[in-house]
Amino acid sequence: MRLSASARAEKSSLDDEAGGMSVLDLPELALECILERLPPAGLCSMAGVCTSLRERCVSDHLWEKHMKQKWGRVIGPAAYREWQRHLASRKDLGSCKQGKPKWFMRLLSMFWPSSWSTPKADPINNSKQRSSPPVNSIMSWYLALETGKFWFPAQVFNRENGDVGFMLSCYDASLSYDPGTDAFQVRYPSHGRRAIATESGVPWERLRAPPFDTSPHDLHISDCLNDVRPGDHIEIQWRKNKEFPYGWWYGVVGHLKSCDGNENYCRCHNSDTVVLEFHQYTPGSRWRSTAVNRKERREEGNEADGFYGGIRKLYNNEEICRWKRLWPTEVVESHYLQY
């Protein structure tokens, strides 16, 4: 491979230390294969060796895989926008030409002090240079998430420690990772007279990226109502009143009262009325079922029973199984419903 003057000098220095041969002597493809197999901590350690390896190890294409594998299930477009706002809001961000911002160097020193905090020798200029990845890179974002210094938006199943009033629901919240416990701290926004609620120790299994890139206060325009039929699994937006955000609640499509449920004679899918059932509530509960108009694309409800918004049909068996794993051990009484 063709090396720059700086890289050749570094290679010579590494060769001297290694007794004749270094990793930079490997063919380009072989070196790339090695780097692709390194875990995040390994990439950080390797990047601390020299400038030439650092340029390779901070590459976005190496970190995209790690970001997707660990964070892909909870990170969505809203989290990325929050990261960009986070970068833009730092008063000491400065220019890239002026060096890395102090806040970012503190973040790196907390997680990988040996690799990134120690200045590295520059064999060309005989000086010391501090190593750090580009601030606006996938590696930087990964490290910010991994250290828990960055709060990001996501959704939480069965909020507030699985409060019975939130069973089989999913709400927007702000999250921060705790690397010590491999769990999350969660802040739920205040609404109406409800103060900010917090929760700690939330496991990965109760988190997801929002299915739609919209505000929790916005009505989701359903595009599946013509396809739903009895037995289908769905999520529906619901909120207690119009001051509050929507949460997503799990349910199934049921049969009309005029239908006996016989599949051979059922015509419920031809009706403009769609029955939705929530079996987590006791029979006879006002929350046990509701009906929506198949042709309407607007919010329905009242102050007593709350307001139902958009519907999304669950086509993915993995999503359905996740809801079933969250199923309460006992059916929920209607007076426990929150908000």
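Residues numbered from 1 in each chain as written. Predicted model: local features only at pLDDT ≥ 70, side-chain atom pairs only at ≥ 80, totals over all residues. Heavy atoms only, no water.

The secondary structure content of the chain amounts to 11 helices and 13 strands. Per-residue burial for the chain yields a buried fraction of 47% across its 339 residues. (Helix = DSSP H or I, 4+ residues; strand = E, 2+ residues; numbered from the N terminus. Buried < 20%, exposed > 50% of the residue type's maximum accessible area, 1.4 Å probe, protein only.)

Along helix H2 (residues 28-37), the residues classified as buried are Leu31, Glu32 and Leu35. End-on, the buried residues of H2 take up no more than an arc of 100°, which puts them together on one face. In this structure, H2 carries Leu29 and Arg37 as exposed residues pointing more than 90 degrees from its buried face. (Arc of directions from axis to C-beta.)

On to the nonpolar core, then. By size, the foremost hydrophobic cluster in this structure holds 43 residues, and its most contacted members are Trp71, Phe152, Leu175 and Phe184. Among the elements that line this core, the one with the most residues is helix H9 (residues 138-147), at seven residues. Apart from residues lying up to four places away in sequence, Leu175 is in contact with Phe150, Trp151, Phe152, Ala154, Val156, Phe184, Gln185, Val186 and Leu207. Counting 18 residues, the second largest nonpolar core, distinct from the first, contains Leu225, Ile234, Phe278 and Tyr281. (Core = buried A, V, L, I, M, F, W, Y, C linked by side-chain atoms within 4.5 Å. Contact = heavy atoms within 4.5 Å.)

Among the 10 residues in strand S4 (residues 169-178), seven count as buried, and that is most of the element. Examined bridge by bridge, strand S3 (residues 152-157) and S4 share six bridges and lie antiparallel to one another. Bridging across to S4, Phe152 finds its partner in Leu175. In this sheet, strand S9 (residues 247-254) lies alongside S4 in antiparallel orientation, the contact comprising two bridges. Residue Ser169 lies in a different strand from S9, and its bridge partner there is Trp249. In terms of strand pairing, S4 meets strand S5 (residues 183-188) through five bridges, oriented antiparallel. Considered in S5, the bridge of Ser174 is made with Arg187. Hairpin connection between S4 and S5: a loop of four residues separates the two successive antiparallel strands, and Asp182 in this loop has a positive phi of roughly 55°. (Pairing = 2+ DSSP bridges.)

Here we take up the pairing of strand S13 (residues 306-313). Burial runs high along S13: eight of the eight residues are buried. Relative to S13, strand S8 (residues 233-239) runs antiparallel, the two sharing five bridges. Directly across from Ile234, in S13, lies its bridge partner Lys313. Note: strand S12 (residues 300-302) against S13, three bridges, orientation antiparallel.

Before going further, it helps to spend a moment on the packing of aromatic side chains. Here a ring pair, both rings aromatic, is described through the centre-centre distance and the interplanar angle of the planes. Tallied over the full model, the rule gives 21 aromatic pairs. Both rings, one in Trp83 and one in Trp141, keep their centres 6.4 Å apart while their planes meet at 15°; by these two values the pair is stacked. Of this pair, Trp83 sits in helix H6 (residues 77-89) while Trp141 sits in helix H9; the two residues are 58 residues apart in sequence, bridging distant segments of the chain. Accessibility expressed as a relative area gives 1% for Trp83, which makes it buried. With centroids separated by 6.2 Å and ring planes inclined at 90°, the aromatic side chains of Tyr171 and Trp249 adopt a geometry described as edge-to-face. Of the two residues, Tyr171 sits in strand S4 while Trp249 sits in strand S9, which places them 78 residues apart along the sequence. (Phe/Tyr/Trp six-rings, centres within 6.5 Å; stacked < 30°, edge-to-face > 60°.)

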